[in-house]
Amino acid sequence: MATVKKSNKKKIIIPICIVLVAAIATGSVFAIRAKTKVPVVSLTTITTDDIVESVSASGKISATTRKEYSAATVANCEEVFVKVGDKVKKGDKLATFNTSELDTQIASLKVTYADSKTAYNNAVKSQKEAQKKLDAVNKRIPVLEKQKAELEKKVTPTTTKKSNKNNVTKKNSTLAADPIIPGVSVPSYTEDIEDAVKALEELVTTINSLAEDIETTNEITRVVMQTISDELATGAYKPEALASVVGDAVADAIQQGLIDETKLIVESGVAVEMIEAAVSEINWSEIGEAIATEDNVQLTSVELQLAALYAEKELFSVSADTTVVNAQKQVMNTSKNALDTLTKAQSELKAGWIATVDGVVTECNVEAGMQTSALQSGIVIENLNELSVIISLGEYDVHKVSVGMPATIRSAYGTYAGEVVSIAPTATGGSSNSILDSVGSMAGISGLSSLTDSGAGVECVISVNEPDDNIIAGFEASVEIGTGTYSGVPTVPIESIILEKDGTYVYKYDEKEETVTKTKIETGATSDMSYEIKSGLSVGDKIVSTPASDYEEDSFKVRIN
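Numbers given for residues are sequential positions, taken from 1 along each chain in its written order. Restriction of local features to residues with pLDDT of at least 70 applies here, the model being predicted, together with a cutoff of 80 or more for giving and counting side-chain atom pairs; totals for whole chains, interfaces and linings are based on all residues. Computation of side-chain values: all heavy atoms of the structure, hydrogens and water removed.

A. Examining the overall build of the chain more closely. The secondary structure content of the chain amounts to 11 helices and 20 strands. Exposure classes here rest on a 1.4 Å probe applied to the protein chains alone. A residue is buried below 20% of its type maximum, exposed above 50%, and partly exposed in between. Out of the 561 residues in the chain, the part that is buried amounts to 37%. By definition, residues are in contact when any of their heavy atoms lie within 4.5 Å. When contacts within the chain are restricted to residue pairs at least 6 apart in sequence, long-range pairs at least 24 apart make up 78% of them. Entry remark: accessible area of the chain is about 32,400 Å², with carbon and sulfur atoms responsible for 52%. In this text, helices come from DSSP runs of H or I with a minimum length of four residues, and strands from runs of E with a minimum of two, each type numbered from the N-terminal end. For the accessible areas, the method is Shrake-Rupley and the probe is 1.4 Å, while residue cover comes only from the protein chains on display.

In structure tokens form, the structure reads like this:
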């Protein structure tokens, strides 16, 4: 039997084949990986289309006509003729009331109003009179101030013969040592004109100690200074005579009511005695000798007159101020408004509540025998045959909407045509710069920010044309307002754009270079499918249909799918 020798060629070929296969596989993997580094994209060509722009929002369905009847005061309900669900016609009687208890309140308010009106008129009269006197005083002061300045230039300092301290001119040492009111000093004796001025200052201090009310002290100062000035002008310098005249003048002013004795911190008689004592403590004879020249007499007289005028100015300034008048007017107006409100409420309740619109009673919170409340809602009538939807427009959409624009209302059970009937002139709510409004506007949804605590919105009312039983007041409905139609405009699909903080972008394709480049565009009208192109692209341009969010470069090569 022959033996066949096995060949080793087969054993050598098999490993070589394995190596070749591995090499081919590895090369294929590298080739595939190299190709996958170039993104594969789909392209869209820019064309023209029609855009129907709209603003969408949701709101509450409510009756267009709603009338609420409520009592502005407390009254007793006698009869109620309706209940919730009743249909009423204009002119139907709803409820009656007994208002006899309001008569006493109205009578009291009439008296209050009459008194406040009288007080206001008196305040106006007093203010006008004080203003006239103040104007007169203000005219006299500059004249006397000019005279004083001229006299001061003429007068030379005059020093009288000094009195012997053992022979003082103080008239009543007991009064000086023991004043009528403890703590209140009286003027000391005088030796020259400077001491006379100081004594007069002390006299004013004494007057100021008699009352804490500025009007009272100003009036006392005016009376005292005017009286002294008049007496000195006649040449009367005797202290006792001056004190007596001044005391009489002050007493007369108190009796006439020029000085309010209730504002004095002492008895009126004591006040007069104090002023008399203070005046008599000044040696007016010595003052007369010190100012013996005519110019000195005139200067002293002018200074005293000015002191009186300054006091009058302060007094009249307070009385001429309109603060008191305004306060009295406010009191009068408040009492008048209260009287008018209660009188009107009584008149309405006496006549009873009468329906002023056709509709259905949706609320009835009164019943016979109960007492009404000013804070309580009584009866509500709504015309459910006329419905509307109230929505909130955001800042970015309110200028797109105008009265008369058509709208589509969608409820749970039907779709209805409608129309914008009113737009509020101002926004209500918080901040109107919410980013929600910006994003919502791009998506055609308005008033998103008004759903938040800080959002603001403009109220817009949409009428519902031909409502039926399927649309019910109180429920929510969605609204779409057609704000404009743009025919034959270049458009870009919504899914092709990228929204960034600084603008809107697409990836534009360069067929020659086989690259795409991030390109900024300006958009106009929008729909739920596309945007109008205002600039940045032209009809026929090609863009990436759906850009990825992880592109790392603004320009790169692509492969077309």
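Further notes follow.
B. Seen up close, helix α7 (residues 268–280). A helix is expected to span 1.5 Å multiplied by its residue count minus one. With 13 residues, α7 ought to run about 18 Å at 1.5 Å a step, and its terminal C-alpha atoms sit 18 Å apart, in line with that. Of all the positions in α7, only S268, A271, V272, M274, I275, A277, A278, V279 and S280 are classed as buried.

C. How the structure looks around the nonpolar core. Core analysis: the biggest nonpolar cluster contains 31 residues, and V224 and V250 have the highest contact counts within it. Taken together, the elements giving at least two residues each to this core come down to α4 (193–208), α5 (214–233), α6 (239–255), α7 and α9 (294–320). Apart from the residues lying within four places of it in its own chain, the contact partners of V224 are L203, I207, V246, V250 and I275. Put simply, a nonpolar core is a bunch of buried Ala, Val, Leu, Ile, Met, Phe, Trp, Tyr and Cys residues held in one set by side-chain atoms that sit within 4.5 Å of each other. In terms of nonpolar packing, the next biggest core, distinct from the first, is built from 22 residues, V398, A407, V458 and C460 among them.

D. Looking closely at the packing of aromatic side chains. Under the pairing criterion, centres of Phe, Tyr and Trp rings, with the six-membered ring standing for Trp, must be within 6.5 Å; the plane angle then separates stacked pairs below 30 degrees from edge-to-face pairs above 60, leaving the rest tilted. Summed over all chains, the structure comprises five aromatic pairs. The rings of Y69, F97 and W353 are connected pair by pair, giving a single aromatic cluster. Sitting over the face of the ring of Y69, K67 holds its NZ or CZ atom 5.5 Å from the ring centroid. As a reminder, the over-ring test applies to NZ of lysine and CZ of arginine, requiring each to be within 6 Å of the ring centre and within 35 degrees of the ring normal. Against the face of Y113 rests K336, its NZ or CZ located 5.9 Å from the ring centre.

E. Representation of the layout of surface pockets in the model. In this analysis, the protein atoms alone were mapped onto a 1 Å grid. Cavities are point sets where a 1.4 Å probe fits without being able to get out; pockets are open sets with protein on both sides within 12 Å along at least five of seven lines; lining residues have an atom within 4 Å of a point. Grid points are joined across faces, edges and corners, and a volume is the space filled by probe spheres set on the points. The volume enclosed by the second largest pocket comes to roughly 380 Å³. In terms of lining, the second largest pocket is formed by 16 residues, of which the most central are K87, V360, N383, L384 and N385. Of all the elements, strand β9 (residues 379–393) adds the most residues to the lining of the second largest pocket, at four residues. Amino acids are sorted into nonpolar (Ala, Val, Leu, Ile, Met, Phe, Trp, Tyr, Cys and Pro), charged (Asp, Glu, Lys and Arg) and polar (every other residue, Gly among them). In terms of residue class, the lining of the second largest pocket is built from eight nonpolar, three polar and five charged.

F. Looking closely at the pattern of salt bridges. A pair is scored as a salt bridge if a Lys or Arg side-chain nitrogen falls within 4 Å of a carboxyl oxygen belonging to Asp or Glu. In total, this model carries nine salt bridges according to the counting rule given. For E363, the salt bridge identified is with R66, shortest N-O distance 3.7 Å. Of this pair, E363 sits in strand β8 (residues 359–364) while R66 sits in strand β3 (residues 47–69), and the two are 297 residues apart along the sequence. A relative accessible area of 30% means that E363 is categorised as partly exposed. Taking the relative accessible area as the measure of exposure, R66 reaches 45% and is therefore partly exposed. Salt bridges sharing common partners tie together R66, E68 and E363.

G. Quick peek at the environment of Q131. You can see Q131 is positioned in helix α2 (residues 102–154). In sequence terms Q131 and S319 are 188 residues apart; their C-alpha atoms lie 7.7 Å from each other.

H. Quick peek at a negative patch on the surface. Nonpolar side chains (Val, Leu, Ile, Met, Phe, Trp, Tyr) are joined into patches within 5 Å and like charges within 9 Å, using only residues with over 30% relative accessible area and no salt bridge. Note on charges: Lys and Arg go in the positive column, Asp and Glu in the negative column, and His and the chain ends are not counted at all. Every charge is mapped to an atom, namely NZ of Lys, CZ of Arg, CG of Asp or CD of Glu. Together, D510, E511, E513 and E514 make up a negatively charged patch on the protein surface. Inspection of the secondary structure puts E511 in the loop between β15 (503–510) and β16 (515–526).

I. Expanded view of the sheet that holds strand β4 (residues 76–80). Only strands joined by at least two bridges in the DSSP assignment are considered to pair. Strand order in the open sheet formed by three strands is β4-β6-β7, and the pairing between neighbours is antiparallel. Every other strand in the sheet has two partners, leaving β4 and β7 (353–354) as the edge strands with one partner each. Here strand β6 (residues 93–98) pairs with β7 via two bridges, running antiparallel. Counterpart to A95 in the pairing with β7 is W353.

J. Fine view of the pairing of β3. Taken together, the 13 bridges between β3 and strand β13 (residues 476–493) define a ladder with antiparallel strand orientation. Residue D49 lies in a different strand from β13, and its bridge partner there is V489. As paired strands, β3 and β9 are joined by nine bridges and run antiparallel to one another. Note on β9: the bridge partner recorded for Y69 is I379.

K. Here's a closer look at the environment of L210. Relative to the helices and strands, L210 is located in the loop between α4 and α5. By relative accessible area, L210 is classed as buried at 0%. The spatial distance from the C-alpha of L210 to the C-alpha of M274 is 8.9 Å, given a sequence separation of 64 residues. Residues within four places of L210 in sequence aside, it is in contact with I220, L264, I265, V266, A271, M274 and I275.

L. Just the pairing of strand β17 (residues 530–535), in detail. For β13 and β17, the ladder comprises three bridges, and the chain directions are antiparallel. Bridging from a neighbouring strand, P493 pairs with S530 of β17. As paired strands, β16 and β17 are joined by three bridges and run antiparallel to one another. Looking at β17, one finds that T523 is bridged to I533. Hairpin geometry of β16 and β17 is characterised by an intervening segment of three residues between the two adjacent antiparallel strands.

M. The arrangement of the packing of α2 against helix α10 (residues 323–351) in detail. Every angle, taken between N-to-C directions, lies between 0 and 180 degrees, and every axis is a line fitted to C-alpha atoms, over only the stretch in contact when it is a helix. Where α2 contacts α10, the two axes come as close as 8 Å, and the packing angle between them is 155 degrees. Considering the angle they form, α2 stands roughly antiparallel to α10. Viewed along their axes, α2 and α10 form a crossing whose handedness is left-handed. Orientation categories follow fixed angle ranges, with anything under 35 degrees roughly parallel, anything over 145 roughly antiparallel, 65 to 115 roughly perpendicular, and all other angles oblique. Less than a right angle of anticlockwise turn of the near helix away from the far helix marks a crossing as left-handed, whereas a clockwise turn marks it as right-handed.

N. Up close: the packing of α5 against α6. At a minimum axis separation of 9 Å, α5 and α6 run at an interaxial angle of 140 degrees. In terms of orientation, α5 lies oblique with respect to α6. Considering the relative orientation of α5 and α6, their crossing is right-handed. Listed contacts from α6 to V223, V224, T227, I228, E231 and L232 of α5 are L242, V245, V246, A249, V250 and A253. Per-class residue counts for the contact of α5 with α6 are 10 nonpolar, one polar and one charged.

O. The arrangement of the confidence of the model for the chain in detail. pLDDT is a per-residue confidence score from the predictor, ranging from 0 to 100. Per-residue confidence for the chain gives a mean pLDDT of 79; residues scoring 70 or more make up 78%. Here residues 16–26 scores under 50 on pLDDT; set against residues more than four positions off or in separate chains, the count is zero contacts.

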